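# Architecture and fold: a report
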Amino acid sequence: MTNVLDALDQDLPQELVQQVRQELSQSDQDLNNEVFGHSDDFILLVSSLTVQLEQNKGDLEESQTLLHLIMGKMDELQSEFDLTKKELERVHTQLYKTKAELDISQVYAHQILAEKEWLQSKYEALKQTAQQLQKELEQR
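Keep in mind it's a predicted model, so treat the numbers as computed, not measured.

## A closer look at the overall build of the protein
For the protein, the count of helices and strands is three helices and zero strands. If you sum the accessible surface of the protein, you get close to 13,200 Å²; carbon and sulfur atoms cover 59% of it.

## Quick word on the confidence of the model for the protein
A residue-level look at the protein finds 83% of positions with pLDDT of 70 or above and a mean pLDDT of 86. Mean pLDDT per element in the protein: helix 1 (residues 2-9) is the minimum at 56, and helix 3 (residues 39-139) is the maximum at 94.

## Quick look at a nonpolar patch on the surface
Side chains of Leu66, Leu67, Leu69, Ile70, Met71 and Met74 sit close together on the surface and give an oily, nonpolar patch of about 590 Å² of accessible area. Within the secondary structure, Met71 is located in helix 3. Look at Met71 and you get partly exposed, because its relative accessible area is 41%.

What counts as what
- Residues numbered from 1 in each chain as written.
- Predicted model: local features only at pLDDT ≥ 70, side-chain atom pairs only at ≥ 80, totals over all residues.
- Heavy atoms only, no water.
- Helix = DSSP H or I, 4+ residues; strand = E, 2+ residues; numbered from the N terminus.
- Areas by Shrake-Rupley, 256 points an atom, 1.4 Å probe, with all protein chains shown as cover.
- pLDDT = per-residue confidence, 0-100.
- Patch = residues over 30% accessible without salt bridge, like charges linked within 9 Å, V, L, I, M, F, W, Y side chains within 5 Å.
- Salt bridge = Lys/Arg side-chain N within 4 Å of Asp/Glu carboxyl O.
- Buried < 20%, exposed > 50% of the residue type's maximum accessible area, 1.4 Å probe, protein only.

This is the structure in structure tokens:
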């Protein structure tokens, strides 16, 4: 910009050139103050953001650690659940076998009871026959 002013310097009045140079200088200075005057605010902002980023990073790492612990506990609980499920299936199978055995035992018990009743009736019949024979023998 100064080169343009130097070229125009010859054709323009000195006072006008001086005024434009002062205004440009002031604009440069204002621009520098705008950019660098806020540099402390910018540094504080970057510093604050850096601190927040570090805190967020720490929170994230803590969350990841907790997530890994939770996932580990879930795996452990899943294993326990699978073992419990297998044990329940084993117990269920055993109960089914025991019920089947009990059903068979009940059938045998009914058969035995029927045989006992049949034998009891045969015994009573034989007993009566024996008593009658005893009486006949006594009468002879």
